[in-house]
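Spelled out, the chains give:
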Amino acid sequence: MSQHRLSPVLTRSSSTLPGGEKAHPLPEAIPEESIAKDTQDAAPKPKPRRFSWLKLDMTKAEWDILIASTCLKLLLFPAYRSTDFEVHRNWLAITHSLPISKWYYDTTSEWTLDYPPFFAYFEKLLSVPAYFVDPRIVDLNNLNYGAWSVIAYQRTTVILTELVLGAAVLKFVRGAENPAMQRIISASLFLHPGFLIVDHIHFQYNGFMFGILLWSLLMARNGRKLASGFLFAVLLNFKHIYLYLAPAYFVYLLRSYCLSPTGTLLPGRFLSLANAVILVFLASLGPFLLMGQLPQLLSRLFPFTRGLNHAYWAPNVWALVTALDRVLLRFVSKGRLSGLSVNESGVASTSRGLVGDTVFAVLPTVKPIHTFAITVAFQMIYMGRLWTNTSYKSFVTALTLCGFTSYMFGWHVHEKAILLVLVPLSLLAAENNAYFRTFMIASVAGVYSLFPLLFTPAENLIKVIYSVLWAVFVLRPIHRQVYQFPQGVLAVTVDGLERLYLAGFVPLHLFVTIFPLVAKRRSSDAGQSALEFLPLMMTSVYCAVGLVWAFVRLSVTYLTRKD
């Protein structure tokens, strides 16, 4: 593919909306060659070369980023890997060794298949070359296999499938209104510390699946809404956690694609979208429907017998509530709050994600129906705003808030789910100062909240240095582009408190690093075991403060904007 230089005559000036916010309509750049048609016709046209379509439209800087990041990921092959590594190896074995009728029934390993069928098909595809690399990889009874062959193979598949993400972020640059700034945002996504920590060390395939999400958003940006909906349906059948984003897609596609500006239903478009989605789900669920296994499949996808919080409290509203319950329990135990009663069944519980472990000692117990009702209530507010404004930026903001709401109030939320917020929020980072400040606080708190996933000494330095370098090279140029000095006493105060909060991550990291060393030396003390969970709790609570504030910030920005 050849690159087209855009005509300066047709570049769009940035208009200003009330409140000082820049408008960012979809670019409709016209190649300069179409303007200078007479001149171009006079020049001899080069003869197209065979296989010219294989040429990648990448700049030298983009190649450098791809090569450097790949080298780093290769060096991380021997790094720590979580139980998720064995989970995915076992799924390779299940899909390779068993007929499809037994995939969602097998219990040979405790790591049973609990992702939607498209991901199972994906594992089946990966199991074919895995067998030729090392047949023991796909041996169903070869549990906890840790040979170098399986390590190299599975980590290589993460690198290769992440190219779906790389291709998507490259396409976001092409046709962007501000290519230089979009290039920074695209690079920040491809090099995101969240993907390095969760995928390339801890081990998962988030880069691949978020690549599908970004392709869907790119289609929406380019006005190809049917393709956007189709890709999102595909994504749902890879990992059902993306259901958190479904309300935004439903409202956006219904209002902007299936209805006319006057609100009249467009039957042709509605049927096209419905058929596309139905075909995707039939391709995914069809075999299991025919075998009568849909209830079994759904029981694997949606296990409701888990606790309110995961083992490490994901830094959301419930982490703050859980911490408050622990603090109140200490006061009540010492007789300082005599008016409060204690639920004895909640004294031993810390809501660490165990089966049925959701009981508080002092505060009222939170049940799944409560989290569901709160989540839906907040999402309805944002969906009402999206219904009245279906611009691309409004859609991405509403999508981000859908993920944010589910993260804040959902049941048994995993800390890794913060990527549902950070990835789409990145696309809004350079819109204006309000969006950037939200992005900065959410990114710092969100990335740091992933640090406990890597608790071995060898990876501590990697996660800190890499995340700091990412923050410097991403946040500084965007800050220079959009920064506005706060106006008024309240704005100055908020700005100062946000800076103070961000600076607080330095002493927090010193504490969580040094405290376990001191605690180990004093392990013989009687009360020391009660403080073993303190570093994780401090991390969760401190990150939760920033993420809750970022959630409030983004909500206010979205609901009060005037465009």
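Quick note: structure is the one above.
For the structure given in this document, a descriptive report is provided here. (Residues numbered from 1 in each chain as written. Predicted model: local features only at pLDDT ≥ 70, side-chain atom pairs only at ≥ 80, totals over all residues. Heavy atoms only, no water.)

## Things to note about the overall build of the chain
Then, in step 1: Scanning the chain from terminus to terminus reveals 23 helices and zero strands.
Then, in step 2: Counting all 563 residues of the chain, 49% fall into the buried class.
Then, in step 3: Residue pairs in contact within the chain that sit at least 24 positions apart in sequence constitute 76% of those at least 6 positions apart.
Then, in step 4: As displayed, the chain offers around 27200 Å² of accessible surface, 68% of which is attributable to carbon and sulfur atoms. (Helix = DSSP H or I, 4+ residues; strand = E, 2+ residues; numbered from the N terminus. Buried < 20%, exposed > 50% of the residue type's maximum accessible area, 1.4 Å probe, protein only. Contact = heavy atoms within 4.5 Å. Areas by Shrake-Rupley, 256 points an atom, 1.4 Å probe, with all protein chains shown as cover.)

## Considering the packing of helix H11 (residues 225-236) against helix H13 (residues 267-290)
Then, in step 1: Where H11 contacts H13, the axes come no closer than 9 Å and their chain directions differ by 20°. With respect to H13, the axis of H11 lies roughly parallel. Every pair of crossing elements has a handedness; the one defined by H11 and H13 is right-handed. Counting all contacts with H11, which are made through Leu-226, Gly-229, Phe-230, Ala-233, Val-234 and Leu-236, the residues of H13 involved are Ser-272, Leu-273, Ala-276, Val-277, Val-280 and Phe-281.
Then, in step 2: Within the contact of H11 with H13, the residues separate by chemical class into 10 nonpolar, two polar and no charged. (Axes fitted to C-alpha atoms, helices over the stretch in contact; angles between N-to-C directions. Parallel < 35°, antiparallel > 145°, perpendicular 65-115°, else oblique. Left-handed = near helix turned anticlockwise from the far one by under 90°. Nonpolar A, V, L, I, M, F, W, Y, C, P; charged D, E, K, R; others polar.)

## Concerning helix H10 (residues 206-221)
Then, in step 1: Taking 1.5 Å of rise per residue, 16 residues should cover 22 Å, and H10 covers 22 Å from first to last C-alpha, within 8% of that figure.
Then, in step 2: Gly-223 sits one or two residues past H10 and shows a positive phi near 80°. (Expected span 1.5 Å × (residues − 1).)

## Focus: the pattern of salt bridges
Then, in step 1: Evaluation of the coordinates by the stated rule reveals 13 salt bridges.
Then, in step 2: The partner of Asp-495 in a salt bridge is Arg-437, with the nearest N and O atoms 3.0 Å apart. In this pair, Asp-495 is assigned in helix H21 (residues 489-503) and Arg-437 in helix H19 (residues 433-449), connecting sequence segments 58 residues apart.
Then, in step 3: Connected through salt bridges with shared partners, the residues Arg-437, Asp-495, Glu-498, Arg-499 and Arg-553 form a single ionic network. (Salt bridge = Lys/Arg side-chain N within 4 Å of Asp/Glu carboxyl O.)

## Looking at the environment of Leu-265
Then, in step 1: With respect to the secondary-structure elements, Leu-265 resides in the loop between helix H12 (246-258) and H13.
Then, in step 2: According to the relative accessible area criterion, Leu-265 is partly exposed, its value standing at 43%.
Then, in step 3: Linking Leu-265 and Arg-255, residues 10 residues apart in sequence, is a C-alpha distance of 9.2 Å.
Then, in step 4: Sequence-distant contacts of Leu-265, that is, excluding residues within four places in its chain, are made with Cys-258, Leu-259 and Phe-270.

## Digging into helix H8 (residues 179-190)
Then, in step 1: With 12 residues, H8 should cover 16 Å at 1.5 Å per step; its first-to-last C-alpha distance of 16 Å lies within 8% of that length.
Then, in step 2: Along H8, the residues classified as buried are Met-181, Gln-182, Ile-185, Ser-186, Ser-188, Leu-189 and Phe-190.
Then, in step 3: Contacts from the buried residues of H8 go to helix H3 (60-75), helix H7 (163-173), helix H9 (193-203), H10, helix H18 (419-426) and helix H20 (457-482).

## Points about the packing of aromatic side chains
Then, in step 1: Enumeration according to the criterion identifies 34 aromatic pairs in this entry.
Then, in step 2: Summarising the aromatic geometry, the rings of Tyr-131 and Phe-132 are spaced 5.6 Å apart at their centres and angled 80° between planes, so their arrangement reads as edge-to-face.
Then, in step 3: Given a relative accessible area of 66%, Phe-132 falls into the exposed group.
Then, in step 4: Ring pairing ties together the aromatic residues Phe-85, Trp-91, Trp-103, Tyr-115, Phe-118, Phe-119, Tyr-121, Phe-122, Phe-203, Tyr-205, Phe-208 and Phe-238, which thus form one cluster. (Phe/Tyr/Trp six-rings, centres within 6.5 Å; stacked < 30°, edge-to-face > 60°.)

## Quick notes on the side chain of Asp-325
Then, in step 1: Relative to the assigned elements, Asp-325 resides in helix H15 (residues 317-333).
Then, in step 2: By relative accessible area, Asp-325 is classed as buried at 0%.
Then, in step 3: Look past the residues within four positions of Asp-325 in its chain and what remains in contact with it is Phe-360, Ala-361, Val-362 and Leu-363.

## What to know about the nonpolar core
Then, in step 1: Of all hydrophobic cores here, the largest spans 142 residues; its most connected members are Leu-214, Leu-217 and Tyr-242.
Then, in step 2: Ranked by the residues each element gives to this core, the list is headed by helix H17 (residues 392-409), at 11 residues.
Then, in step 3: Look past the residues within four positions of Leu-214 in its chain and what remains in contact with it is Leu-165, Ala-168, Val-169, Phe-172, Leu-189, Val-423 and Leu-427. (Core = buried A, V, L, I, M, F, W, Y, C linked by side-chain atoms within 4.5 Å.)

## Considerations on a nonpolar patch on the surface
Then, in step 1: Together, Leu-461, Ile-465, Val-468, Leu-469, Val-472 and Phe-473 give the surface a local cluster of nonpolar side chains, amounting to about 580 Å² of exposed area.
Then, in step 2: Structurally, the position occupied by Leu-469 is in helix H20.
Then, in step 3: For Leu-469, a relative accessible area of 44% gives the class partly exposed. (Patch = residues over 30% accessible without salt bridge, like charges linked within 9 Å, V, L, I, M, F, W, Y side chains within 5 Å.)

## A few points about unusual backbone geometry
Then, in step 1: Positive phi, normally seen in glycine, also occurs at Asn-144, with a value near 55°.
Then, in step 2: Turning to its location among the elements, Asn-144 is positioned in the loop between helix H5 (117-133) and helix H6 (148-161).
Then, in step 3: For Asn-144, a relative accessible area of 62% gives the class exposed.
Then, in step 4: One non-glycine residue with positive phi stands out, namely Phe-203, at about 95°.
Then, in step 5: Of note, Phe-203 is situated in helix H9.

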